[in-house]
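# Overview (structure and organization)
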Amino acid sequence: MKKYLSLILALCLPALLGGCGAVPLPMPESPTPPPAADTEEITYEVSTDPYEQTVTAEDGTTLMVIDFQIPHLQAYANGTLIEDPSTPAQEQAMDRVHTFNENFDQWRESNSSEENISFVKDLYRDMPEMFSEDHMAPLSEELTYTCYRTGTLISIAADYYSYLGGAHPNTVYFAWNYDLDSGMFLTISELAADPQTFTLAVADMIEVQAEEQIASTPELEGRSLSDVYWDNYRETLEKWSSDYAASFDADGLTVIFSAYELASYANGPQEFHFPYAALDSYWSDSGRAVLGLN
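A brief look at the structure comes next. (Residues numbered from 1 in each chain as written. Predicted model: local features only at pLDDT ≥ 70, side-chain atom pairs only at ≥ 80, totals over all residues. Heavy atoms only, no water.)

### Focus on the layout of surface pockets
- Space inside the largest pocket adds up to approximately 250 Å³.
- Lining the largest pocket we find 20 residues, and of these Thr146, Ala157, Ala158, Ser247 and Ile256 sit closest to its centre.
- Elements with a minimum of two residues in the lining of the largest pocket: strand 4 (139-150), strand 5 (153-163), strand 6 (170-179), strand 8 (245-248) and strand 9 (252-257).
- Broken down by element, the residue count for the lining of the largest pocket peaks at five residues, all from strand 4.
- Residue composition of the lining of the largest pocket, grouped by class: 12 nonpolar, five polar and three charged.
- By volume, the second largest pocket amounts to about 210 Å³.
- Ala175, Ser242, Asp243, Tyr244 and Ala245 are, among the 18 residues lining the second largest pocket, the residues nearest its centre.
- When contributions to the lining of the second largest pocket are tallied by element, the ones reaching two or more residues are strand 6, helix 7 (240-243) and strand 8. (1 Å grid on protein atoms, 1.4 Å probe; cavity = no way out; pocket = protein on both sides within 12 Å on 5 of 7 lines; lining within 4 Å. Points joined across faces, edges and corners; volume = space filled by probe spheres on them. Helix = DSSP H or I, 4+ residues; strand = E, 2+ residues; numbered from the N terminus. Nonpolar A, V, L, I, M, F, W, Y, C, P; charged D, E, K, R; others polar.)

### Some points on the packing of aromatic side chains
- Applying the stated criterion across every chain, the model contains 22 aromatic pairs.
- Ring geometry for Phe100 against Phe104: centres 5.0 Å apart, planes inclined by 50°, an arrangement best described as tilted. Of this pair, Phe100 and Phe104 both sit in helix 2 (residues 88-110), four residues apart, which is roughly one turn of the helix. Like Phe104, Phe100 is buried. (Phe/Tyr/Trp six-rings, centres within 6.5 Å; stacked < 30°, edge-to-face > 60°. Buried < 20%, exposed > 50% of the residue type's maximum accessible area, 1.4 Å probe, protein only.)

### Overview of the environment of Ala193
- In this fold, Ala193 is placed in the loop between strand 7 (184-185) and helix 4 (195-215).
- Remark: the alpha-carbon pair of Ala193 and Ser284, spanning 91 residues in sequence, is separated by 4.0 Å.
- Contacts of Ala193, omitting those with residues within four sequence positions, involve Tyr282, Trp283 and Ser284. (Contact = heavy atoms within 4.5 Å.)

### Focus: unusual backbone geometry
- The phi torsion at Asn78 lies on the positive side, around 50°, for a residue other than glycine.
- Within the secondary structure layout, Asn78 lies in the loop between strand 2 (62-77) and strand 3 (80-81).
- Here the phi dihedral of Tyr260 falls at roughly 85°; this positive angle occurs in a residue that is not glycine.
- One can find Tyr260 in the loop between strand 9 and strand 10 (270-275).
- A relative accessible area of 45% places Tyr260 in the partly exposed class.

### Focus on the side chain of Arg288
- Assignment of secondary structure puts Arg288 in helix 9 (residues 285-291).
- Once residues within four sequence positions are removed from consideration, Arg288 is found in contact with Asp280, Trp283, Leu293 and Asn294.

### Some thoughts on the pattern of salt bridges
- Counted under the stated rule, the structure contains seven salt bridges.
- The partner of Lys239 in a salt bridge is Glu235, and the shortest N-O contact between them spans 3.6 Å.
- Look at Lys239 and you get partly exposed, because its relative accessible area is 35%.
- Across the pair Asp280 and Arg288 runs a salt bridge, and its minimum N-O distance is 2.9 Å.
- Relative accessible area serves as the criterion here: at 38%, Asp280 is assigned to the partly exposed category. (Salt bridge = Lys/Arg side-chain N within 4 Å of Asp/Glu carboxyl O.)

These values are about where atoms sit, not about what they do.
Spelled out as structure tokens, the structure:
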């Protein structure tokens, strides 16, 4: 009897499991993926933070006007100005903003006009006639700048103008190059595959361009580079990236030496420009990324 029951079960069990009319076991539902987190877009904008002051004497005479246009960086998350960062990306953005703005705050503080203001007031007390319209009133200090964005780089070129009496005003040129990706100010040579080779190559280019400028200036006819520039001009040229005003614009690299840095005041500032194509072979891969040249 047991033998017949075993035979019946062996024949019927497959039919019960897979035959007609069998009810399949329910398959588990696929888990619903969680909604994708919104991507937070961080953007940056350079605006102007003006610093203005008018210095007057006790009798109301305007002695000095100070007008600094200071670059000021702001960060936005999805188009909204970040004031109180609430995510790691926003905190990182505000660190970059702080580094940038602190640099220019320090510049303004280092160029504090308090000493100049005291000098001007003393000068007016001793020689009020010097502040007539026929002389030098009012004295002034000004800072203006241009800003160029390329890749992750913010390149600031600035002119600092001052007239504090004397034979003539003075203009000093500055430049700052800030990499938003690293959150650091860079010298331009740091963008090159071989900084030293690049620095010397650009110094050579400046020297060639300077000779061409002298040759094309009628009042300098017959004069050589050593006649026009200071004796140590080559040493100065080789420090173009670290010690002098070097910045980028839409066309390429501009290097400016202020009056007295390379030549006399009478010769004025010395400005040189090099298109991106002339420098193309020198950039490192990371430098090309910073400049947006990839």
